[in-house]
Amino acid sequence: MKPLSKKVFLKITPPGIGDIIGDKERLLKSLEKEFGKVEISQRILKAIYPLCREANWEITLTLVAHEGQWEIVRLEPGDTTKSHYGLAVDLGSTTVTMELVDLNSGEILAEESIFNHQIDFGDDILSRIFYTKSKPLHLKEVQESTLQSFRELMLMLSERTGVASETCGIMVVSGNTTMIHFLLGIDPWPIFEAPFTPVFNHTGFFDAQEISLPIEGLIYCVPSVANYFGGDILSGLLVSDLHKKEELGLFIDIGTNGEMVLGNKNFLLAGAGAAGPALEGGISKNGMKATDGAVDSVVIEDNILKLTTIGGSRPRGICGSGIVDILAQMLLNGWIDFSGHFNTGVTDRVIKKDGEYAVAYAWEDESATGEVLLFTQTDISQFMDTKAAANTMVAYLLDSLGVEATEVKRLYTAGAFGTYINLESAITIGLYPDLPRERFVSLGNGSLRGSYALLINGELLKEIMALQREVRYLEFGAATDFLTQMFAARFLPHTNFDLYPTVKAELIKRGRLRL
């Protein structure tokens, strides 16, 4: 293990008669043989006295390697080398997740997640962007809400482990391009205005106290590639190892945005675009995030709808994985047609309310709210747009290289949606390509895994920077036939059934499709 930070215990000869070198120089000279030239900040300079003298010059230093040299980030009296910790963070637009890591062993001591307090300024990123545009005070509010999320997680981790998070010498943060701008208090408006370039792609290392986080150490934010291709995706790509393999691979992270990378050790072709809130349950009146009471799976057997919820309680609404399931199951059982429109008379759960058809997946006496929970024709239509966008992004990448989906030997799914979605359901509705199931690899939270990987192995810094340079980014918006391809993908699973042979076979078997 070669973590980004290192703790060193020193016994330094104290100053005396004839040895009047300054305290700072004395300390640096003790490090010179092993570490070469070492940086020391004004903050650390102020801490040298009286700490070193009171500790009789027996001290522990925490150093962080960056930009070719080491920097002292923390001083402690005595030998504290057995207590060496760091923080890995996934800064999501909806959820922020943080891990406390023992950098002596690599063990994850605890993990906590909370909703990003930025939600107070809008559920979607664009609302937050408009709230802060050219309004410094509003931007400060959103930054502070982000930092408050971090502080709460640090406190939760400390309470669970007994380790004061502020003693960590290093924090690695992965997040999309906009989230990192907000974290630093930098207006992200240029990301959404032509020519759609961020203010920065890479923060480098900076002192946590510059943004008022109570950590005696540095923060490293994983760099972004482009406006919609952030450090969270680069982190996932890093841990997938797609870029090290001969075989053709496809990396997919679908959330509010859809980000994809196609390639191998010889090339990396990427694209990203807005997928919409559908996959987080944001399209429906009864849609919700993946929390207690959210319907997360649906099965229809013998024309009877059965569901499960997160936490096992009565349903309060439906989240992304539940939406994918209910659409796939309704398609296979004839409750909807290939265009996503309801077929009436097949079940009493397909009803008409307020002038439009809907499926009642929980009646009044079945739901936690005492109200009927509906997934409407409008909800389906909005989801079809999201599904079509994701499908077309993949098709566009494949077409750009002149390869077929069947040539993809490994498909990596990342993000919360990619972790919990039912793979068969996703293929049934055409969200993922119809490939042999053994080719799919779920990475889980790729953003967090990438942060952790960098935290425990500083040598990966070179690799992540090389990845940033090597990724070739395509602008889907510049594609002349993108909307045409989207229209073809706005059917279940697609207008071309031959692209989905296993789904086609199942539909024929069920009598839903004739040869």
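See above for the structure.
Note that the structure is a prediction, hence the values are computed from the model and not measured. (Residues numbered from 1 in each chain as written. Predicted model: local features only at pLDDT ≥ 70, side-chain atom pairs only at ≥ 80, totals over all residues. Heavy atoms only, no water.)

(A) Structural detail: the overall build of the protein chain. In terms of regular secondary structure, the protein chain is built from 14 helices and 22 strands. In terms of overall dimensions, the protein chain is globule-like: its C-alpha atoms have a radius of gyration of 26 Å, near the 24 Å expected for 515 residues. Looking at the protein chain as a whole, 56% of its 515 residues qualify as buried. Taking the contacts inside the protein chain whose residues are at least 6 apart along the sequence as the reference set, 64% of them involve residues at least 24 apart. (Helix = DSSP H or I, 4+ residues; strand = E, 2+ residues; numbered from the N terminus. Rg over C-alpha atoms; globule rule 2.2 N^0.38 Å. Buried < 20%, exposed > 50% of the residue type's maximum accessible area, 1.4 Å probe, protein only. Contact = heavy atoms within 4.5 Å.)

(B) The arrangement of the side chain of Arg349 in detail. Take Arg349: it is sitting in the loop between α7 (320-332) and β17 (350-353). A polar contact is formed between the side chain of Arg349 and the backbone oxygen of Ala360, at a distance of 2.6 Å. Only 3.1 Å separates the side chain of Arg349 from the side chain of Glu366, close enough to count as a polar contact. Ignoring sequence-local partners within four residues, the contact set of Arg349 consists of Leu305, Trp335, Ala358, Val359, Ala360, Tyr361, Ala362, Trp363 and Glu366. (Polar contact = N/O pair within 3.5 Å; in protein donor to acceptor, adjacent residues only side chain to side chain.)

(C) Molecular detail of the side chain of Glu99. On the secondary structure map, Glu99 appears in strand β6 (residues 95-102). Despite its burial, Glu99 pairs with no opposite charge; the closest candidate is Arg449, at 8.6 Å N-O. Excluding residues within four positions of it along the chain, Glu99 makes contact with Gly86, Leu87, Ala88, Ile108, Ala110, Glu111, Leu157, Leu448 and Tyr452. (Lys, Arg positive; Asp, Glu negative; His and termini not counted. Salt bridge = Lys/Arg side-chain N within 4 Å of Asp/Glu carboxyl O.)

(D) Representation of the pattern of salt bridges in the model. Counted under the stated rule, the structure contains 21 salt bridges. Residue Asp207 pairs with Arg43 through a salt bridge whose shortest N-O separation is 3.0 Å. Taken together, the positions of Asp207 in strand β9 (residues 205-207) and Arg43 in helix α2 (residues 42-54) put the pair 164 residues apart, joining distant regions of the chain. Two residues, Glu506 and Arg510, come together in a salt bridge whose shortest N-O distance is 2.7 Å. On the basis of relative accessibility, which here comes to 26%, the residue Glu506 falls in the partly exposed class.

(E) Representation of a negative patch on the surface in the model. Together, Asp399, Glu404, Glu407 and Asp481 make up a negatively charged patch on the protein surface. Along the chain, Glu404 turns up in the loop between α8 (377-401) and β20 (410-414). Taking relative accessible area as the criterion, Glu404 reaches 51% and is therefore assigned exposed. (Patch = residues over 30% accessible without salt bridge, like charges linked within 9 Å, V, L, I, M, F, W, Y side chains within 5 Å. Areas by Shrake-Rupley, 256 points an atom, 1.4 Å probe, with all protein chains shown as cover. Charge placed at Lys NZ, Arg CZ, Asp CG, Glu CD.)

(F) Region of the structure containing unusual backbone geometry. Cis geometry is adopted by the peptide bond preceding Pro195, which originates at Ala194 and carries an omega value of 10 degrees. Examined against the element boundaries, Pro195 turns out to sit in the loop between α5 (177-184) and β9. Across the junction of Leu492 and Pro493, the peptide omega takes the value -5 degrees, indicating a cis bond. Phi angles above zero are rare outside glycine, and Ser134 is one such case at about 55 degrees. Mapped onto the elements of the fold, Ser134 is located in the loop between α3 (125-132) and α4 (136-161).

(G) Expanded view of the sheet that holds strand β5 (residues 85-91). On the basis of which strands lie adjacent, the open sheet formed by 6 strands has the order β7-β6-β5-β8-β10-β9 and mixed pairing. Whereas interior strands pair on both sides, the edge strands pair on one side only; in this sheet they are β7 (108-115) and β9. With direction set aside, neighbouring strand axes in the sheet form an average angle of 20 degrees. For β9 and strand β10 (residues 218-221), the ladder comprises 3 bridges, and the chain directions are antiparallel. Among the inter-strand pairings, Phe206 is bridged to a residue of β10, identified as Ile219. (Pairing = 2+ DSSP bridges. Axes fitted to C-alpha atoms, helices over the stretch in contact; angles between N-to-C directions.)

(H) Inspection of the nonpolar core at higher detail. If you look at the biggest cluster of nonpolar residues, it comprises 62 residues, and the most contacted ones within it are Leu327 and Met330. Looking at which element gives the most residues to this core, the answer is α8, with 11 residues. Ignoring anything within four residues of it in the chain, the contact list for Met330 reads Ile300, Trp335, Ile336, Phe342, Val359 and Ile380. Counting residues in hydrophobic clusters, the runner-up holds 41 residues, among them Leu234, Tyr412, Leu454 and Leu461. (Core = buried A, V, L, I, M, F, W, Y, C linked by side-chain atoms within 4.5 Å.)

(I) Highlighting the sheet that holds strand β19 (residues 373-376). Pairing is antiparallel across the open sheet formed by 3 strands, whose spatial order is β17-β18-β19. Looking at strand neighbours, the two that pair on one side only are β17 and β19, the edges of this open sheet. On average, each strand axis in the sheet is tilted by 50 degrees relative to the strand beside it, whichever way the strands run. Bridging between strand β18 (residues 356-362) and β19 involves 4 bridges; their strand directions are antiparallel. In the strand pairing of β19, Ala362 is matched with Leu373.

(J) Quick peek at the packing of aromatic side chains. Counted according to the given criterion, the structure contains 9 aromatic pairs. With 5.3 Å between their ring centres and 75 degrees between their planes, Phe35 and Trp70 make a pair best called edge-to-face. Note that Phe35 is positioned in helix α1 (residues 23-35) and Trp70 in strand β4 (residues 69-77), a separation of 35 residues in sequence. No difference in accessibility class separates Phe35 from Trp70, as the two residues are buried. Taken together, a centroid distance of 6.4 Å and an interplanar angle of 80 degrees make the contact between Phe229 and Tyr473 edge-to-face. Separated by 244 residues along the polypeptide, Phe229 in the loop between β10 and α6 (231-240) and Tyr473 in strand β22 (residues 471-474) bring together distant segments of the chain. An identical accessibility class is assigned to Phe229 and Tyr473; each is buried. In this structure, Arg512 packs its charged tip against the face of Phe338, placed 5.2 Å from the ring centre. (Phe/Tyr/Trp six-rings, centres within 6.5 Å; stacked < 30°, edge-to-face > 60°. Lys NZ or Arg CZ within 6 Å of the ring centre and 35° of its normal.)

By themselves, these observations are geometric and do not establish any function.
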